[in-house]
Amino acid sequence: QRFVPHVLSTALGGGPIRMTAGEQVRDFCFVDDIARGFAVEGLARRGGHTDWNLGTGRGLSLLEAAKILVGLVGSSSTIEAGAVPYREGEAFHLVAEASELPEELRACLATSFEEGGRLTADWLQREGGGLS
């Protein structure tokens, strides 16, 4: 499972969220925003534009992200930071360089982390809480 769905599924179930110390920083983007960005990018490429890496350029640590997600769903789950070791070769800073991103692509990435978390939690609750 991926981080956000895993944290939300666990938080919705009230279980402990076991994770690394959470120092890794990621550029979280909502899936619908990325899909829109791919569509816009595909249209732009027909006009001779280059490929772009989609991202907001804003980083958030996994620990802070977990705290936000648990709070969004009002869960009593505890976050057990440090309960899981880091993976060998783990990247600690994955944030897109978004300063050169064209405005039409930047506009696709409008969903905040919090709103994306709420939408994902709603989806998980509708679908029975699980992703495989």
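Residues numbered from 1 in each chain as written. Predicted model: local features only at pLDDT ≥ 70, side-chain atom pairs only at ≥ 80, totals over all residues. Heavy atoms only, no water.

Draft legend 1. Here's a closer look at the nonpolar core. Ranked by size, the top nonpolar core spans 16 residues in total, and within it Val7, Leu8, Leu69 and Phe113 carry the most contacts. Among the elements that take part in this core, helix H3 (residues 62-72) stands out by supplying six residues, more than any other. Here Val7 is in contact with Ile17, Ala66, Leu69 and Val70, once residues within four sequence places are set aside. (Core = buried A, V, L, I, M, F, W, Y, C linked by side-chain atoms within 4.5 Å. Buried < 20%, exposed > 50% of the residue type's maximum accessible area, 1.4 Å probe, protein only. Helix = DSSP H or I, 4+ residues; strand = E, 2+ residues; numbered from the N terminus. Contact = heavy atoms within 4.5 Å.)

Draft legend 2. Summary view of the packing of aromatic side chains. Taken as a whole, this structure holds three aromatic pairs when the rule is applied. The interplanar angle of 65° and the centroid separation of 4.8 Å between the aromatic rings of Tyr86 and Phe92 together place this pair among those described as edge-to-face. Joined through ring pairs, the aromatic side chains of Phe3, Phe28 and Phe113 make up one cluster. (Phe/Tyr/Trp six-rings, centres within 6.5 Å; stacked < 30°, edge-to-face > 60°.)

Draft legend 3. Spotlight on the sheet that holds strand S2 (residues 25-26). Ordered in space as S3-S2-S5, the three strands form an open sheet in which the pairing is mixed. For this open sheet the edge positions go to strand S3 (60-61) and strand S5 (93-94), each flanked by a neighbour on one side alone. In this structure, S2 lies alongside S3, joined through two bridges in antiparallel fashion. The partner of Val25 across the bridge, within S3, is Ser61. (Pairing = 2+ DSSP bridges.)

Draft legend 4. A look at the packing of H3 against helix H5 (residues 113-126). Between H3 and H5, the shortest axis-to-axis distance is 10 Å and the interhelical angle comes to 50°. Taken together, the axis directions place H3 and H5 in an arrangement best described as oblique. Of the two possible hands of crossing, H3 and H5 adopt the one that is right-handed. Only Phe113, Glu114, Gly117 and Arg118 of H5 make contact with H3, whose side of the interface consists of Ala65, Ile68, Leu69 and Leu72. Residues that form the contact of H3 with H5 fall into these classes: five nonpolar, one polar and two charged. (Axes fitted to C-alpha atoms, helices over the stretch in contact; angles between N-to-C directions. Parallel < 35°, antiparallel > 145°, perpendicular 65-115°, else oblique. Left-handed = near helix turned anticlockwise from the far one by under 90°. Nonpolar A, V, L, I, M, F, W, Y, C, P; charged D, E, K, R; others polar.)

Draft legend 5. Representation of the packing of helix H1 (residues 3-13) against H5. At a minimum axis distance of 10 Å, the contact between H1 and H5 shows a crossing angle of 60°. By the angle between their axes, H1 is oblique relative to H5. At the point where H1 passes H5, the crossing takes the right-handed sense. Packed against H1, whose contacting residues are Val4, Pro5, Leu8, Ser9 and Leu12, the element H5 presents Phe113, Gly117, Thr120, Ala121, Leu124 and Gln125 at the interface. Split by residue class, the contact of H1 with H5 holds seven nonpolar, four polar and no charged.

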